Amino acid sequence: MRADLELIYDWVPEGAHVLDLACGDGELLETLANNKGVTGYGLEIGHDGINACVARGVSVIEHNLDDGLSSFCDNSYDQVIMTQALQALRRPDKMLDEMLRVAEEGIITFPNFAYWRHRVHLGLRGYMPVSKSLPHAWYDTPNIHLSTFNDFEHLCREKGLMIVDRAVGVGDHQGHWKSRLWPNLFGEIAIFRVRRR
Amino acid sequence: MPDSDTLAFADRPAGSVGVVTPHVARFETPLALACGKVLPAYELIYETYGTLNADRSNAVLICHALSGHHHAAGYHSEEDRKPGWWEAHIGPGKAIDTNRFFVVSLNNLGGCHGSTGPVSHNPDTGRQWGPEFPMVTVSDWVASQARLADHLGIKRWAAAVGGSLGGMQVMQWTMTYPERVANAVVIAATPRLSAQNIAFNEVARQAIRSDPEFFDGWYAEHDTVPKRGLKLARMVGHITYLSEDAMGSKFGRDLRSDDLNFGFDVEFQVESYLRYQGDTFSTAFDANTYLLMTKALDYFDPSATQGGDLAKALAPAQCPFLIVSFTTDWRFPPSRSRELVDALTRAGKAVSYANIDSPHGHDAFLLSEPRYDAIFSAFMNRAARELNIAETGGDEVGKDEASLEETQ
């Protein structure tokens, strides 16, 4: 499984009812269903991802996240998960509100723009960063709202949300002491578990 | 007509079930209908494609739309010019793969293609049923289809599949006989008609009923057919089945001749096309059946008994659903499919939904389109895998006959 998915796997309780926003090929939902009896739905917009979900028996609904989650009722899920999609949304802040309307708890992962390699790209070389977590060229990227660990924590504070857990994904050596100590500098992927207060 | 309809049999593309022969099943047990009347006995005409496996777990039910019937795939003879109405999706290697599945497709009760309906004889009066044929509903159809399943020795459908009105029958199956449906595919359908949908149906019905040759439905006894009414009904229907874009790109404002006539004869190509479609239909379809089937569409609303709560109505369903809509369908637009999807998620059912980009409007469900084919196949393949359905060793025509004999 993708590094950030492996990290959040443990945060999903047994038998939870989850909504996975931008679920991709459904790998996370399938693993959670098979090993933890988790139920729920993936929302996806990419045709290949939708097909892959259907082929593996994961319930997937074609849905553009920019249209919001109005078709899902308040508190109808235990958890809402959104991996690597926050940065591609028109209004990430409004999505956060929606996620925590539909469920009490949300898990969010996104590329940390303040990762040291990104800082080197921009700060020293003067180019927009291109990396494993930000693989697109500036003119051809779905990522329109890049942010950092600090930015996201700031937003959570503004919204009065509680950060239950925070983890970092750094290439293949996640959990390295440096990234745990200074996630904003050494964390390539930001991983948050947040709750309504 | 397009050239493809006149291909020599040998030149037809691979992936067809080939030549098929319909069967007729007779039922002597009275069927109580939703309208309060009882049909003492009836016949259903059906076709099968593929081979029923030993544990009878690979049967797929195909439910037809408004003007459809039992002939969903293959050809009736080597001289037959047109295949069944869902040839695009039923056959070896197609979404409903007859190398794996045993497909059952029937003409609904009240139909005019061989099942008991207004053109059949009423044993009580010795006359044709005509307008006295009782009103049938989607749930009546599903009840009669369950008896056909019993007749074939099929306890549970590997999948119930249908587009448009056929999709409504699939929904009804999952609510009435949840234990008898392992998977459900609902394409270009809606959990209930909108006022606009009902309005279009009413225009079609009024066109038929106001034809001077309708004789209150007793046209057969007057040796006539309300052709003009049927033609108008079909023309209205046909407009709603195509998208504006599809019509525009097919006909534009093309004229049949260079000059305007300033009269009411056919001038635009689209007028000619609609008249042709209407004429063809008016000689091939029964007017009373058209009235019945449009009413069945209007009446369908499973949420009605649950105070409008569709999720509650769908609570009994047990199977995974695949819901498909098409972007340019304005008869049953994607938003109507989404209503069904949202009710299913509220009810906590397994459901997948795809909105397929197609220029063909409502009719897209009948056609082949790479993304539609791919997701349909993915769902059916997974169904086969989960039900442990192996390939039954080719789709030799006639094999199905042998396996059916045992069941009757």
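As the structure is a computational prediction, the values presented were derived from the model and not from experiment. (Residues numbered from 1 in each chain as written. Chains lettered and ligands numbered in written order. Predicted model: local features only at pLDDT ≥ 70, side-chain atom pairs only at ≥ 80, totals over all residues. Heavy atoms only, no water.)

**Quick look at the overall build of chain B**
Phase 1: When helices and strands are tallied, chain B shows eleven helices and twelve strands.
Phase 2: Taken over the C-alpha trace, chain B has a radius of gyration of 21 Å; the compact-globule value for 408 residues is 22 Å, and the two agree within 12%.
Phase 3: Projecting the C-alpha coordinates of chain B onto the three principal axes gives extents of approximately 65 × 50 × 50 Å.
Phase 4: Treating the 35 positive side-chain charges of chain B as one cloud and the 51 negative ones as another, the clouds have centres 6 Å apart. (Helix = DSSP H or I, 4+ residues; strand = E, 2+ residues; numbered from the N terminus. Rg over C-alpha atoms; globule rule 2.2 N^0.38 Å. Lys, Arg positive; Asp, Glu negative; His and termini not counted. Charge placed at Lys NZ, Arg CZ, Asp CG, Glu CD.)

**Some words on the UniProt feature "domain: AB hydrolase-1" (unreviewed entry) in chain B**
Phase 1: Mapped onto this structure's residue numbering, the UniProt feature "domain: AB hydrolase-1" (unreviewed entry) falls at residues 58-366 of chain B.
Phase 2: Here residues 58-366 of chain B runs as 36% helix and 11% strand, with 23 Å between its end C-alpha atoms. (UniProt positions renumbered as here; feature names shortened; annotations may be inferred.)

**Some words on the pattern of salt bridges**
Phase 1: Counted by the stated rule, this structure contains 26 salt bridges over all chains.
Phase 2: For Arg101 of chain A, the salt bridge identified is with Asp74 of chain A, shortest N-O distance 2.7 Å. Placement of the pair is Arg101 of chain A in helix 4 (residues 92-102) and Asp74 of chain A in the loop between strand 3 (60-62) and strand 4 (77-83), with a sequence separation of 27 residues.
Phase 3: Of the residues examined, Arg101 of chain A reaches a relative accessible area of 22% and is grouped as partly exposed.
Phase 4: Close ionic contact of Arg336 of chain B with Glu339 of chain B constitutes a salt bridge, the shortest N to O distance being 2.9 Å. On the criterion of helical spacing, the pair formed by Arg336 of chain B and Glu339 of chain B is a turn pair, its members being three residues apart in helix 9 (residues 334-346).
Phase 5: Taking relative accessible area as the criterion, Arg336 of chain B reaches 10% and is therefore assigned buried. (Salt bridge = Lys/Arg side-chain N within 4 Å of Asp/Glu carboxyl O. Buried < 20%, exposed > 50% of the residue type's maximum accessible area, 1.4 Å probe, protein only.)

**Notes on the nonpolar core**
Phase 1: Leu21 of chain A together with Tyr290 of chain B are the most contacted members of the largest nonpolar core, which totals 105 residues.
Phase 2: Not counting residues up to four positions away in its chain, the partners in contact with Leu21 of chain A are Leu43, Leu65, Leu69, Val80, Ile81, Met82, Thr83, Met95 and Met99 of chain A.
Phase 3: Counting 60 residues, the second-largest nonpolar core is a separate cluster that includes Ala16 of chain A together with Tyr49, Phe101 and Leu387 of chain B. (Core = buried A, V, L, I, M, F, W, Y, C linked by side-chain atoms within 4.5 Å. Contact = heavy atoms within 4.5 Å.)

**Considerations on the environment of Gly84 of chain B**
All names here are of chain B.
Phase 1: With respect to the helices, strands and loops of the structure, Gly84 is situated in the loop between strand 5 (59-63) and strand 6 (90-91).
Phase 2: In sequence terms Gly84 and Asn355 are 271 residues apart; their C-alpha atoms lie 25 Å from each other.
Phase 3: Leave out the neighbours within four places in its chain, and Gly84 touches His71, Ala72, Ala73 and Gly74.

**Examining the pairing of strand 11 (residues 321-326) of chain B**
All names here are of chain B.
Phase 1: Across the six residues of strand 11, six count as buried, placing the element largely inside the fold.
Phase 2: Burial along strand 11 is two-sided: Phe321, Ile323 and Ser325 facing one way and Leu322, Val324 and Phe326 facing the other are all buried.
Phase 3: Pairing of strand 10 (residues 184-187) with strand 11 involves four bridges; the strand directions are parallel. Counterpart to Ala184 in the pairing with strand 11 is Phe321.
Phase 4: Where strand 11 and strand 12 (residues 351-356) come together, six bridges link them in parallel fashion. Note that in strand 12 the partner of Val324 across the bridge is Ala354. (Pairing = 2+ DSSP bridges.)

**Describing the confidence of the model for chain B**
Residues and elements named next belong to chain B.
Phase 1: Per-residue confidence for chain B averages 92 on the pLDDT scale, and 93% of its residues sit at or above 70.
Phase 2: For residues 1-8, every residue scores under 50 in pLDDT, and the model assigns this stretch six contacts once sequence neighbours within four places are set aside.
Phase 3: For residues 394-408, every residue scores under 50 in pLDDT, and the model assigns this stretch 35 contacts once sequence neighbours within four places are set aside. (pLDDT = per-residue confidence, 0-100.)

**Quick look at helix 3 (residues 195-209) of chain B**
Residue and element names in this part refer to chain B.
Phase 1: When the terminal C-alpha atoms of helix 3 are compared, their 20 Å separation across 15 residues agrees well with the 21 Å that a helix rising 1.5 Å per residue should span.
Phase 2: Burial in helix 3 covers these residues: Asn197, Asn201, Ala204, Arg205, Ala207 and Ile208. The buried residues of helix 3 occupy one face: seen down the axis, they fall within an arc of 155 degrees.
Phase 3: Where helix 3 is buried, its residues touch helix 4 (227-241), helix 7 (287-299) and helix 9. (Expected span 1.5 Å × (residues − 1). Arc of directions from axis to C-beta.)

**Points about the interface of chain B and chain A**
Phase 1: With 21 residues of chain B in contact, the opposing surface of chain A contributes 18 residues.
Phase 2: Together, the buried faces of chain B and chain A total about 1,500 Å²; carbon and sulfur atoms form 50% of this surface.
Phase 3: Counting the surface chain B buries against chain A, the share from its top three residues, Arg338, Thr345 and Arg371 of chain B, is 32%.
Phase 4: Connecting chain B to chain A are one salt bridge. (Buried area = accessible area lost by both parts, 1.4 Å probe.)

**Re the packing of helix 1 (residues 138-151) of chain B against helix 2 (residues 165-176) of chain B**
Residues and elements named next belong to chain B.
Phase 1: Contact pair helix 1 / helix 2: the axes reach a minimum separation of 9 Å and the direction vectors enclose 70 degrees. Taken together, the axes of helix 1 and helix 2 lie roughly perpendicular to each other. You can see that helix 1 and helix 2 cross each other, and the crossing is right-handed. Listed contacts from helix 2 to Val138, Ser139, Trp141, Val142, Gln145 and Ala146 of helix 1 are Leu165, Met168, Gln169, Gln172, Trp173 and Thr176.
Phase 2: In terms of residue class, the contact of helix 1 with helix 2 is made up of seven nonpolar, five polar and no charged. (Axes fitted to C-alpha atoms, helices over the stretch in contact; angles between N-to-C directions. Parallel < 35°, antiparallel > 145°, perpendicular 65-115°, else oblique. Left-handed = near helix turned anticlockwise from the far one by under 90°. Nonpolar A, V, L, I, M, F, W, Y, C, P; charged D, E, K, R; others polar.)

**Points about the side chain of Gln145 of chain B**
Residues and elements named next belong to chain B.
Phase 1: By the secondary structure assignment, Gln145 is in helix 1.
Phase 2: In this structure Gln145 comes out as buried when scored by relative accessible area, which is 0%.
Phase 3: Every residue in contact with Gln145, bar those within four places of it in the chain, is listed here: Leu61, Cys63, Leu106, Asn108, Gln169 and Trp173.

**Some remarks on the UniProt feature "binding site: substrate" (unreviewed entry) in chain B**
Residues and elements named next belong to chain B.
Phase 1: Look at the UniProt record and you will see "binding site: substrate" (unreviewed entry) annotated at Arg234 and Asp363. Taken along the chain, the residues just named run across 130 residues; in space they keep tight, none of their C-alpha pairs more than 13.8 Å apart.
Phase 2: Position of Asp363 relative to the elements: it lies in the loop between strand 12 and helix 10 (370-386).
Phase 3: If near-sequence neighbours (up to four positions away) are discounted, Asp363 is found in contact with Tyr241 and Leu242.

**What to know about the packing of aromatic side chains**
Phase 1: If you walk through the whole model with that rule in mind, you get 23 aromatic pairs over all chains.
Phase 2: Centre to centre, the rings of Tyr41 of chain A and Tyr77 of chain A are 6.4 Å apart; their planes meet at 85 degrees, and the pair counts as edge-to-face. In this pair, Tyr41 of chain A is assigned in strand 2 (residues 39-44) and Tyr77 of chain A in strand 4, connecting sequence segments 36 residues apart. Side by side, Tyr41 of chain A and Tyr77 of chain A carry an identical accessibility label, which is buried.
Phase 3: Look at Phe27 of chain B and Tyr42 of chain B: their rings are 5.1 Å apart centre to centre, the planes differ by 20 degrees, and that puts the pair in the stacked class. In this pair, Phe27 of chain B sits in strand 1 (residues 23-27) while Tyr42 of chain B sits in strand 4 (residues 42-49), placing the two residues 15 residues apart along the sequence. We note that Phe27 of chain B, like Tyr42 of chain B, is buried.
Phase 4: An aromatic cluster is built from Trp85, Trp86, Phe326, Tyr372 and Phe376 of chain B, whose rings are joined through pairwise contacts.
Phase 5: Stacked on the ring of Trp218 of chain B, the Lys or Arg Arg127 of chain B has its end atom at 3.8 Å from the ring centre.
Phase 6: It is Arg382 of chain B that lies over the ring of Phe379 of chain B; its NZ or CZ is 4.7 Å from the centre. (Phe/Tyr/Trp six-rings, centres within 6.5 Å; stacked < 30°, edge-to-face > 60°. Lys NZ or Arg CZ within 6 Å of the ring centre and 35° of its normal.)

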